[in-house]
Structures are given as structure tokens and as C-alpha cells.
Amino acid sequence: MNVLLDFSAIRGGGGLQLAVNFLEQTQRVRPPADRIVVLSSDQPLLRELAAKPPIEASYVCPGAVARRLLFERVDLPRILGSHAIDAIYTFFGIGLPHPRPVVSIVTAAYPIICYPDSPYWSHRPWHERLRGQLRGVLRRTRLRRADVILVETEVMRTRLARSLRLPEQRFRLLAPAPSEYVTPLPPAGRDREWRVLFLSDLSPHKNLWRLYEVATLLETGAAFEDVAVRFLLSVSREQYLAALPGGKADERIVDKYFRFLGRLSPRAILGAYGEAHAIALLSDLESFSNNYMEAWKAGRPLIASDRDFARGICGDSALYVEPHAPASVAEGLASLARDPMLAERLVGAGKARLSGLPDTAQRTQRIWDEIEAAVR
């Protein structure tokens with residue numbers, strides 16, 4: 001069988017780490033494919049790996065919407081034909097247009113299309129809500145054309161089946177695997193500050209913009225005088241300040257409570273985990289974030305948004321807070337900073353959950369099994 005591996009939606013973050021791990025595993029053990037072709041974004045690490053055997057050819061898909069649509073209409077059919085492609089596997093995304101003889105297998109990771117009830121929408125301007133709804137229609141239309149949809153949790157399977165109006169039999173559960181770029185770490189030493197890592201971009205649903213309000217509350221609230229918290233963010237200072245409502249902030253508060261690490265490559269994230277005492281994800285929308293698994297693997301307690309996807313994934317391994325209530329976040333941070341026994345319990349629960357997940361090699365094999373089964 002001839003397979004096109006589609007990484008065109010992968011540009012950074014946890015998706016990039018997992019995509020790189022998948023490609024590296026595919027190159028270590030010859031998969032059940034006669035020919036492998038890669039379609040990637042212009043991400044340098046993906047392009048570098050796509051140039052190595054057993055990959056026969058690689059192409060770059062444009063990122064701009066108009067150019068991508070032109071590519072899909074003109075270039076993609078030529079690629080599928082010239083390489084006699086039997087199956088397309090999309091590694092996170094909504095899939096590619098394809099003729100009927102070609103099978104499409106998609107790992108879906110767009111929770112935004114199946115959470116119409118999320119608080120996220122109420123905090124966005126009307127024009128963003130409208131644009132999001134239109135994009136949702138287009139994404140759902142494309143995703144419905146996939147022959148097999150892989151999802152990582154029961155919550156996502158139920159929500160996507162309802163959103164796409166498809167029977168749940170069209171979906172397969174594909175348990176995630178933690179990134180190989182994170183390894184178990186010794187406990188972070190206690191010093192004068194307690195550091196919390198927020199490893200994400202500035203997408204609005206990640207709610208990093210709420211952290212300035214949390215910092216202001218920590219600064220002015222007498223109940224937090226004994227807690228010296230520092231937020232570690234994987235964005236630049238300029239980007240963060242520009243993302244704040246109004247774009248203004250008290251520089252003194254920013255200097256006291258924030259440290260900006262900038263965008264981190266997959267190979268640099270272990271150092272960030274090593275500096276942190278805890279990992280936090282305040283997102284309104286996720287399918288299965290790498291942050292959860294990496295916190296479990298690194299041995300760091302988790303603070304998570306109180307949402308169904310987070311509770312379904314993390315169970316008793318996280319302390320839950322309401323991301324749009326600064327007091328809830330501040331109190332959660334403070335209670336975890338003050339209670340080493342609580343942190344230890346969360347870490348232990350995380351290790352137990354990690355033990356039930358496959359490793360990268362097992363997950364890669366499962367993906368190839370799904371591809372082969374779909375073609376047959």
C-alpha cells in the first residue's frame with residue numbers, strides 16, 4: 001500500500017512533538033507500506049525528518065488559506081496520482097480532499113467544533129464568534145468525509161459523534177503517548193519563589209490572558225502574602241502584553257510575577273519542566289493536551305481548568321480551577337504551593353494514569369495498524 005502522511009496542520013506545540021516522535025519511530029521500524037510520502041507545513045523540523053528514508057518524497061502545503069485551497073485543488077490530486085496513493089493519514093486535523101478510491105484516516109483534534117456550550121465563546125467578540133462558527137461548519141463538512149476518525153478520549157468521541165452527526169462506530173479510540181522529549185525529573189527544589197509553567201501559545205482558548213488578573217489579585221490580596229508565585233510562559237513578553245485586553249499592564253506586576261521563556265523547541269521543553277514546581281493548563285478547549293501527560297511523566301503536579309475533557313483525562317491527578325475566575329485560580333495556586341502533601345498526591349495519581357498509556361512505539365504501531373485495516 002502507498003500512504004500519504006499529512007502533517008500540513010502541524011506548526012508547533014504538543015502536536016509538533018508528537019508528530020516528530022511518530023516520524024522518528026516510523027523511520028526506526030519499517031512500517032507496512034510500500035511507499036510513504038509526506039505532506040508537511042513549512043515547519044523546519046518536519047521538513048528535515050521528511051527528507052529521510054523510508055520516506056520517498058515530501059511536499060510542503062502552503063499555510064495561507066487561499067494558497068492552501070489552490071494547492072488542494074491543483075497540486076494534491078497530482079501528488080495522489082503520481083504516487084498511486086491508497087490512503088491518507090492526517091496526523092491531527094480535518095483531513096484532505098480525496099477521490100473515493102483513496103481512504104482517509106484522520107486523528108481529530110479540533111475540540112472547538114464540538115463545544116458550542118463552552119464558556120470560551122462568551123469571552124470572544126461577536127465577529128470572532130461568527131468567524132468561528134463559519135470555520136466550524138467547513139471543518140465539520142471536511143471531517144465527515146473521513147473514512148475513519150481517530151480520537152483520544154471517550155469525551156471527544158461522544159462530542160464529535162454528536163457534532164458531526166455520525167455513528168460512534170465511525171470513530172476509533174487511539175490512546176495518546178507522552179512525548180519522548182520529557183523524562184522523569186527529581187522534585188523541584190523549594191526556594192523563595194514557586195514557579196508554575198504554562199506551556200502553550202497565546203490562542204484565546206488557552207486563557208493565558210487571564211493570568212495578569214490573577215497576578216494582580218496575588219499582588220493586592222492579603223490572603224496571598226506568604227506565597228511568592230512566578231508564572232513561566234512559553235511566549236515572549238511583547239507577544240503577551242499585546243494579547244492582553246487593551247494591551248496595557250503594570251510593568252511592576254509583570255516583572256514580579258512573570259518570566260517569559262519564548263517559544264520552545266521540542267528539545268528544550270525538558271529544561272522548562274525542570275524549573276517548574278507545577279504545571280498549569282487553564283484552557284477552555286482541548287482534546288488531549290501534551291501538558292497533562294508531560295506533567296505526569298516529569299513528576300509535576302497539575303492545575304487544570306474545570307472542564308469535562310480535563311476531568312475525563314486527569315481524574316484525581318489535577319487540582320481544578322475556574323479559568324475565568326481569577327480568585328479560583330489564585331486560591332488553587334496558593335493551596336498547592338502551601339501543601340506539599342497535596343502536590344505529592346497529585347504526582348502519584350499522575351504516574352498511575354501514565355502507566356496506562358502506550359509509549360510512542362506502541363502508539364505508532366497502532367496508527368499503522370489502523371491505516372492498514374482501513375485500506376483492506
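One can find the structure itself at the top, above this paragraph.
Residues numbered from 1 in each chain as written. Predicted model: local features only at pLDDT ≥ 70, side-chain atom pairs only at ≥ 80, totals over all residues. Heavy atoms only, no water.

K.L.:
Quick rundown of the sheet that holds strand E5 (residues 103–107)? Include the residues and the values.
P.N.:
Spatially, 7 strands are ordered E3-E2-E1-E4-E5-E6-E7 in an open sheet, and the strand pairing comes out parallel. Whereas interior strands pair on both sides, the edge strands pair on one side only; in this sheet they are strand E3 (55–60) and strand E7 (171–173). Across the sheet, the axes of successive neighbouring strands diverge by a mean angle of 20°, strand direction being ignored. For strand E4 (residues 87–90) and E5, the ladder comprises 4 bridges, and the chain directions are parallel. When the sheet's bridge partners are listed, Tyr 89 is paired in E5 with Ile 105. Its contacts with the sheet place helix H1 (residues 13–28) against strand E1 (2–7), strand E2 (35–40), E3 and E4, and it is angled at close to 155° to E1. Against the sheet, helix H3 (residues 65–82) contacts E1, E2, E3 and E4, and its axis sits at roughly 165° relative to E2. (Pairing = 2+ DSSP bridges. Helix = DSSP H or I, 4+ residues; strand = E, 2+ residues; numbered from the N terminus. Axes fitted to C-alpha atoms, helices over the stretch in contact; angles between N-to-C directions. Contact = heavy atoms within 4.5 Å.)

K.L.:
Before we move on, can you summarise the pairing of strand E6 (residues 148–151) with the specific residues and values?
P.N.:
Burial along E6 is two-sided: the face carrying Val 148 and Leu 150 and the face carrying Ile 149 and Val 151 are both buried. Pairing between E5 and E6: 3 bridges, direction parallel. Paired with Ile 105 across the strands is Val 148, a residue of E6. At this point the chain moves from E5, through helix H4 (residues 126–144), to the parallel E6, and the crossover so formed is right-handed. Two elements, E6 and E7, share 3 bridges in a ladder whose sense is parallel. If you follow Leu 150 over to E7, its bridge partner there is Arg 172. (Buried < 20%, exposed > 50% of the residue type's maximum accessible area, 1.4 Å probe, protein only. Right-handed = clockwise from strand over helix to strand, strands pointing away.)

K.L.:
Break down the nonpolar core for me, citing the residues and quoting the values.
P.N.:
Ranked by size, the top nonpolar core spans 76 residues in total, and within it Leu 5, Phe 7, Tyr 89, Phe 91, Leu 160, Tyr 292 and Trp 296 carry the most contacts. Residues in contact with Leu 160, not counting those within four places in the same chain, are Ala 108, Ile 113, Cys 114, Leu 143, Val 151, Arg 165 and Phe 171. Of all hydrophobic cores here, the second largest spans 39 residues; its members include Phe 224, Val 235, Tyr 240 and Leu 336. (Core = buried A, V, L, I, M, F, W, Y, C linked by side-chain atoms within 4.5 Å.)

K.L.:
Any chance you could break down the pattern of salt bridges for me, citing the residues and the numbers?
P.N.:
Within this structure, the stated rule accounts for 28 salt bridges. Two residues, Arg 35 and Glu 56, come together in a salt bridge whose shortest N-O distance is 3.0 Å. Pair noted here: Arg 35 is in strand E2 and Glu 56 is in strand E3, with a separation of 21 residues, a long-range link. For Arg 35, a relative accessible area of 24% translates into the label partly exposed. Glu 152 is the salt-bridge partner of Arg 363, the closest N and O atoms lying 3.1 Å from each other. On the criterion of sequence distance, the pair formed by Arg 363 in helix H14 (residues 360–375) and Glu 152 in the loop between E6 and helix H5 (154–164) is long-range, its members being 211 residues apart. The two residues Arg 363 and Glu 152 agree in class, both being buried. A cluster of three or more residues bridged by salt bridges with shared partners is formed by Glu 219, Asp 250, Arg 252 and Lys 256. (Salt bridge = Lys/Arg side-chain N within 4 Å of Asp/Glu carboxyl O.)

K.L.:
Tell me about the pairing of E3, residues and numbers included.
P.N.:
In the sheet, E2 pairs with E3 via 5 bridges, with the strands oriented parallel. Pairing of Val 38 across the sheet is with Ser 58, part of E3. Crossover handedness for the path E2 to helix H2 (residues 44–49) to E3: right-handed.

K.L.:
With reference to specific residues and values, describe the environment of Ile 88.
P.N.:
Mapping Ile 88 onto the fold places it in strand E4. Look at Ile 88 and you get buried, because its relative accessible area is 0%. Taking the C-alpha atoms as reference, Ile 88 lies 23 Å from Asp 359; in sequence the two are 271 residues apart.

K.L.:
Residues and numbers for the sheet that holds strand E10 (residues 258–260), please.
P.N.:
Taken in spatial order, the 6 strands of this open sheet run E10-E9-E8-E11-E12-E13, and their pairing is parallel. Of all strands in the sheet, those with a lone pairing partner are E10 and strand E13 (318–321), marking the two edges. In this sheet, neighbouring strand axes are inclined to one another by 25° on average, regardless of whether the strands run parallel or antiparallel. Here strand E8 (residues 194–198) pairs with strand E11 (residues 278–281) via 2 bridges, running parallel. Looking across to E11, one finds that Val 196 is bridged to Ala 278. The strands touched by helix H6 (residues 211–220) are E8, strand E9 (229–233) and E10; relative to E9, the strand with the most contacts, the crossing angle is about 165°. Set on the sheet, helix H10 (residues 290–298) makes contact with E11 and strand E12 (302–305); between it and E12 the angle comes to about 160°.

K.L.:
Account for the layout of surface pockets, naming residues and giving values.
P.N.:
By volume, the second largest pocket is sized at about 360 Å³. As for the second largest pocket, its lining consists of 20 residues, of which Pro 187, Gly 299, Pro 301, Ala 343 and Val 347 are closest to the centre. Contributions of two or more residues to the lining of the second largest pocket are made by H10 and helix H13 (340–354). For the lining of the second largest pocket, the element with the highest residue contribution is H13, accounting for 5 residues. For the lining of the second largest pocket, a count of residues per class yields 13 nonpolar, 2 polar and 5 charged. (1 Å grid on protein atoms, 1.4 Å probe; cavity = no way out; pocket = protein on both sides within 12 Å on 5 of 7 lines; lining within 4 Å. Points joined across faces, edges and corners; volume = space filled by probe spheres on them. Nonpolar A, V, L, I, M, F, W, Y, C, P; charged D, E, K, R; others polar.)

K.L.:
Tell me about empty space enclosed by the protein, residues and numbers included.
P.N.:
Using the criterion set out here, one finds 2 cavities of 30 Å³ or more in the structure. The computed volume of the largest cavity comes to approximately 60 Å³. Taken together, Leu 18, Asn 21, Phe 22, Phe 91, Ala 177, Thr 360, Arg 363 and Thr 364 form the lining of the largest cavity. Every element with two or more residues in the lining of the largest cavity is listed here: H1 and H14. Estimates place the volume of the second largest cavity at around 40 Å³.

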